[in-house]
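Coordinates in review
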Amino acid sequence: MRSSAAAILGLLLGISVSPARAGATDDARFRRKVQPVVPLKAVAFPLQDVRLLDGPFRRARDLDRQYLLSLDVDRLLHNFRVNAGLPSSAVPLGGWEEPKCELRGHFAGHYLSACALMYAGTGDERLKEKGDAVVSGLAECQARIGGGYLSAFPEEFFDRVEKQQRVWAPYYTLHKIYAGLLDMYVYCGNRQALEVCRTFADWVIARNAKLSDQQMQQMLENEHGGMNEVLANLYALTGEEKYLAIALRFNHMAVIGPASRREDRLTGLHANTQIPKFVGTARLYELTGQDRLKTASEFFWETVVNERSYVIGGHSDGEHFSAKERLSRALGPNTTETCNTYNMLKLTRHLFCWEPKASYADYYERALYNHILSSQDPRTGMMCYYVPLRSGSHKVYNGPLDAFWCCTGTGVENHAKYGDSIYFRDDDSNVWVNLFIASELNWRAKGLLIRQETHFPDQPATRLTLSCSAPVELTLNVRHPYWALRGFEIAVNGRQQDVASRPGSYASIRRIWTTGDTVEVSMPFSLRTEGFRDNPRRFAFLFGPLVLSAQVDAREGLPVVVTEKEPAAIGLQPVSDAGRTNTFVGSPDVFRVSDRAGVEVVLEPFYKMHDGRTYMVYFDAFTPDQWRADQEARAVERARAKELEARTVDSVSPGLEQNERDHSLQGEHTAAGDFGGRRWRHATDGGWFSWELKVLPDQALELGVTYWGSDGGNRVFDVLIDGRKIATQRLRNNRPESFYEEYYSIPPELTKGKQRVTVRFQAQAGAWAGGVFGVRVLKKR
């Protein structure tokens, strides 16, 4: 008899769930649980007790379900079987799952989690069957390898981690596999998944027993995902102290230590390497009661959400934390990695359970609508790695079989678990309604159904209808969103309620509820702007919870706001078309493009901005005097460009196929793309690219290369001509928010007697080269 997934979920979260209520069997494993030593003030209802109704989130979930069902189990297992010495005739998957990629195998873990979450949220047995088949295949591989090890790559990768040699995040990949196995146990009752996970965790304990604490901390400099979290969860499920001990050893104190002292040392760090560490400290605080872990988790959340995030709730530029003092200038082509927000929402759920504050739910809503929902193509279900906020960007999605980025993995989980943070409860008498998503909650222990019917966010209202097997007394806490500044109202059975609430709090209604009771909530949206702390005149428009964006043509210039007034007072007008809700038009009297008289700008919800359209989210505000000065500066720049063209011997346009072919493009680990109306090329993971350019053999020359000044991260590369290095270039936000040229003198002996030379951009080990937006051979002045 299969055990109740709801009961197993209770074990993981430390919630007391009686067999009579949950339908669990009297299995000994259900008694080997660990209660949190920290009382939780709220807990989320399990996914299997929440069913989505028609709306944007159910449509997004169903697209994700189709994708999960389309993937072939044998292809997912191929690299595991090859590594274990088992036969496999499957065609390998591409991208980050191709056989030579050092991160191969990570998506199989995400896939298990997504199947388990989707099964819990829908009851679709096909997802459970898929997940069960992957678990069975992994168990076979683990048995063949022996010793408990399980991966799609050889154990030798961990020798390299321990010796601090170059290797791409093997523990990160293992974390995904562990998490997937536990999710299959928690949500699907798959006992084999738990046993595989335990045996695998025993391997980790043995592997790291030989390392001193100092050696362990050095090893943790390599990205390792949420190993501390998943091992803590294994401890909670089994009660075996050895798993708690190894979880604590995976706390990376170089990062966690400063946060526990409320010190922000995040600038320059790879963002998503850090976030899972604090999801882990949050879980470990619940299981140990160590206050420093609580402080670290809360401080990290406060810092990232309040000081390091963009308007959509995401953060990072080029995957790294930018200096918060100049966040407005950190708008490169790769902002807001979607994985980051996936993990921040996990952390937010923990913090809400400790202290059910509306500020946590407000952030959750902001990030869910404007980043997570926004990251999925509503036609295909495919997902974004980055959701770029640089003006003139567009969204790029994974292919179904040739990408498998980290954000493809977290993406299939994101869209599988939309029901997991709509409703929370305490032990007996409180329910929190955090999100306005069409759904139905079944609180089985109370015999209570709450059906939430809403067209939110197309309509700023929601309606709750209760069905009770018997009258029940409880407090219904409805979030009064921070953005609902006026007109927030609640009616029970048609009667207006006098509830004391303010924006960013809860409206609480306590009464004895009976079948047929209704709660109607009205929360009118209003327009507002949000600017950066370091530059309030660079701002975004919002309507209620929704970030607005405008489709633009970067080739014609990007609109700005020219007004003496504050940006919030420029008078956008709603579009009257009933099919375009939450959409506004800005007047040509206010919006300008270059030296043109004005332009009409249409602003619509960012989560609906798809179909390859280029867009802008952030606008710059100028006074009329500032605008005139800006136009004069642009005239000077046009004159400079004309002079540059006159000195040009030859030039390359990166990313333009025919032009690059004409210049004999070669390279490894190189790719091209479009940003801000310009094409670029870069190389990753120590790769390179080169072109052949014309030269003048008897004249002094220099090489001019165009970069984007906000590019940062690990971009360190050499510039070579015919194999000789003429410069080493580092891109570290060198000239934020502008394109600029670097000029490198070409030694005369490199061009003597030549008509052409090869210009090569070579990334240093483990680093990136570029992006390069243009290359010119120039006559020296």
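My aim in this report is to walk through the structure given alongside it, one point at a time. All of these numbers come straight from a predicted model, not from anything done at the bench. (Residues numbered from 1 in each chain as written. Predicted model: local features only at pLDDT ≥ 70, side-chain atom pairs only at ≥ 80, totals over all residues. Heavy atoms only, no water.)

Moving on: the overall build of the chain. Along the chain, the regular secondary structure elements total 20 helices and 32 strands. A compact globule built from 781 residues would reach a C-alpha radius of gyration of about 28 Å, and the chain, at 28 Å, matches this within 12%. In terms of overall dimensions, the chain has C-alpha extents of about 95 × 65 × 50 Å along its principal axes. Split into buried and exposed, the 781 residues of the chain put 60% on the buried side. Sequence-distant contacts in the chain: of pairs separated by 6 or more residues, those separated by 24 or more amount to 72%. As presented, the chain carries roughly 29,600 Å² of accessible surface, and 47% of it is formed by carbon and sulfur atoms. (Helix = DSSP H or I, 4+ residues; strand = E, 2+ residues; numbered from the N terminus. Rg over C-alpha atoms; globule rule 2.2 N^0.38 Å. Buried < 20%, exposed > 50% of the residue type's maximum accessible area, 1.4 Å probe, protein only. Contact = heavy atoms within 4.5 Å. Areas by Shrake-Rupley, 256 points an atom, 1.4 Å probe, with all protein chains shown as cover.)

The next point concerns the sheet that holds strand S26 (residues 701–708). Across the sheet, four strands lie side by side as S23-S32-S26-S29; this open sheet has antiparallel pairing. Strands at the two margins of the open sheet, each flanked by one partner only, are strand S23 (648–652) and strand S29 (739–746). Ignoring strand direction, the axes of neighbouring strands in this sheet form an average angle of 20 degrees. (Pairing = 2+ DSSP bridges. Axes fitted to C-alpha atoms, helices over the stretch in contact; angles between N-to-C directions.)

Here we come to the packing of helix H9 (residues 191–209) against helix H11 (residues 227–238). Axis separation between H9 and H11 bottoms out at 11 Å; the angle between their running directions is 125 degrees. In terms of their interaxial angle, H9 and H11 are classed as oblique. Between H9 and H11 lies a crossing of left-handed hand. Contacts from Leu194, Cys197, Arg198, Ala201 and Val204 of H9 reach H11 at Met227, Leu231, Leu234 and Thr238. Residues of the contact of H9 with H11, tallied by class, amount to seven nonpolar, one polar and one charged. (Parallel < 35°, antiparallel > 145°, perpendicular 65-115°, else oblique. Left-handed = near helix turned anticlockwise from the far one by under 90°. Nonpolar A, V, L, I, M, F, W, Y, C, P; charged D, E, K, R; others polar.)

So, about the packing of aromatic side chains. Applying the stated rule across the entire model yields 49 aromatic pairs. Consider the rings of Phe57 and Tyr369, whose centres lie 5.0 Å apart with planes at 80 degrees: the pair is edge-to-face. Here the residue Phe57 occupies a position in helix H3 (residues 56–70), and Tyr369 occupies one in helix H17 (residues 358–372), the gap between them amounting to 312 residues. Accessibility assignment for this pair places Phe57 and Tyr369 in one class, buried. Pairing Phe541 with Phe591 gives two aromatic rings, centres 6.4 Å apart and planes at 50 degrees, and the pair type is tilted. Of this pair, Phe541 sits in strand S14 (residues 538–543) while Phe591 sits in strand S19 (residues 591–592), and the two are 50 residues apart along the sequence. Looking at Phe591, the relative accessible area reads 0%, which means it is buried. A network of ring pairs unites the aromatic residues Phe57, Tyr369, Tyr418, Phe436, Phe456, Trp483, Phe525, Phe543 and Phe584 as a single cluster. (Phe/Tyr/Trp six-rings, centres within 6.5 Å; stacked < 30°, edge-to-face > 60°.)

Right, let's talk about the environment of Ser469 for a bit. Within the secondary structure layout, Ser469 lies in the loop between strand S7 (461–468) and strand S8 (472–480). Since its relative accessible area comes to 64%, Ser469 is described here as exposed. Note: C-alpha distance between Ser469 and Arg283 (186 residues apart in sequence) is 35 Å. If near-sequence neighbours (up to four positions away) are discounted, Ser469 is found in contact with Lys446 and Gly447.

With that settled, the discussion passes to the pairing of strand S4 (residues 430–433). Of the two faces of S4, the one lined by Asn430 and Trp432 and the one lined by Val431 and Val433 are each fully buried. Where strand S3 (residues 423–425) lies against S4, three bridges are found, and the strand directions are antiparallel. By the bridge assignment, Tyr423 is partnered in S4 with Val433. Connecting S3 to the antiparallel partner S4 that follows it, the hairpin turn spans four residues.

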